[in-house]
Amino acid sequence: MKPYKKVAVGGTFDELHSGHKALLNCAFEVGEQVVIGLTSDAFVMQISKPHKTASYTERCQRLEAYLAQMGLVGRVQIVPLTDSYGLMLSARDIEALIVSEETQKIGKVINQKRRDAGYPSIQLVVVDMVPAQNHRPISTTRIRRGEIDHNGRMLPGLSKC
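The model shown is predicted, which means the values in this text are computed figures rather than measured ones.

Analysis parameters
Residues numbered from 1 in each chain as written. Predicted model: local features only at pLDDT ≥ 70, side-chain atom pairs only at ≥ 80, totals over all residues. Heavy atoms only, no water. 1 Å grid on protein atoms, 1.4 Å probe; cavity = no way out; pocket = protein on both sides within 12 Å on 5 of 7 lines; lining within 4 Å. Points joined across faces, edges and corners; volume = space filled by probe spheres on them. Helix = DSSP H or I, 4+ residues; strand = E, 2+ residues; numbered from the N terminus. Nonpolar A, V, L, I, M, F, W, Y, C, P; charged D, E, K, R; others polar. Pairing = 2+ DSSP bridges. Axes fitted to C-alpha atoms, helices over the stretch in contact; angles between N-to-C directions. Contact = heavy atoms within 4.5 Å. Expected span 1.5 Å × (residues − 1). Buried < 20%, exposed > 50% of the residue type's maximum accessible area, 1.4 Å probe, protein only. Arc of directions from axis to C-beta. Core = buried A, V, L, I, M, F, W, Y, C linked by side-chain atoms within 4.5 Å.

**Topic: the layout of surface pockets**
Approximately 1100 Å³ is the volume found for the largest pocket. If you trace the largest pocket, you find 49 residues lining it, with G10, G11, T12, E102 and T103 closest to the centre. Listing elements by their share of the lining of the largest pocket, those giving two or more residues are β1 (4-11), α1 (18-30), β2 (31-39), β3 (76-81), β4 (96-100), α4 (104-116) and α5 (140-144). Across the lining of the largest pocket, the residue classes tally to 26 nonpolar, 17 polar and six charged.

Written out as structure tokens, the structure is:
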């Protein structure tokens, strides 16, 4: 039995890498059911990523393929995320939000907004950032720059210490 019946996790999940997989795996380890908020194309434009981002459709297909490979399809719902809060400000059945160290501050804002609206706080489950070979966090930006691969291995060329 999992600690929570329903949890949520959100992100762009572009260039699905080891860091994303750690976040997703944690969600499925602690939650019976998982809601994944996948940033919409419009929201990606608003948050001004420092690199090109695959379309919502492409990112969703890659995410679904990974979940199918892991045998998790029956436990997940993928929903478009059009802002930083998604369902979290009103959902009563979501018991925990899975966040990275980097997004923990958004989780705290969500809890404050929930309390302000008269909803109970949710548990924040913080997942450590996954380090690349050079001990800096794996990120889509670094992958798109050609510094590292999806598993954090350093690539020749732009690699920096």
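**Side note on the sheet that holds strand β5 (residues 123-127)**
Spatially, five strands are ordered β3-β2-β1-β4-β5 in an open sheet, and the strand pairing comes out parallel. Every other strand in the sheet has two partners, leaving β3 and β5 as the edge strands with one partner each. Strand-to-strand twist of the sheet, defined as the mean angle between neighbouring strand axes without regard to direction, takes the value 25 degrees. As paired strands, β4 and β5 are joined by five bridges and run parallel to one another. Bridge pairing links L97 to L124 in β5. Contacts from α1 reach β1, β2, β3, β4 and β5 within the one sheet, and its direction differs from that of β2 by about 150 degrees. Here α4 sits on the sheet and contacts β4 and β5; the angle it forms with β5, its principal contact strand, is near 175 degrees.

**A word on helix α3 (residues 56-69)**
For α3, with 14 residues, the first-to-last C-alpha span of 20 Å sits near the 20 Å given by 1.5 Å per residue. Among all positions of α3, only Y56, R59, C60, L63, Y66 and L67 are buried. Angular distribution of buried residues about the axis of α3 spans 125 degrees; they occupy a single face of the element. Against α1, β2, α2 (41-46) and β3 lie the buried residues of α3. Within two residues after α3, G71 carries a phi angle of roughly 70 degrees, on the positive side.

**Here we look at the environment of G146**
Counting through the fold element by element, G146 comes out in the segment after α5. When the C-alpha atoms of G146 and A91 are compared, they prove to be 39 Å apart, with 55 residues separating the residues in sequence. Apart from the residues within four sequence positions on either side, G146 is in contact with L155 and P156.

**Some words on the nonpolar core**
The biggest cluster of nonpolar side chains holds 24 residues, and the ones touching the most others in it are V7, V9, F13, L24, I36, L63 and I98. Looking at this core, the elements that each hand over two or more residues are β1, α1, β2, α3, β4 and β5. Looking at this core, the element that brings in the most residues is α1, giving six residues. Setting aside chain neighbours within four positions, we find F13 in contact with H20, L23, L24, I36, G37, L38, R59 and L63. Within the second largest apolar cluster, 11 residues are counted, among which are M88, I94, I110 and I122.

**Remarks on the environment of M88**
In this fold, M88 is placed in the loop between β3 and β4. Judged by its relative accessible area of 5%, M88 falls in the buried class. The spatial distance from the C-alpha of M88 to the C-alpha of V30 is 17 Å, given a sequence separation of 58 residues. Dropping the residues within four chain positions of it, M88 is found in contact with A8, I94, L97, I110, R114 and I122.

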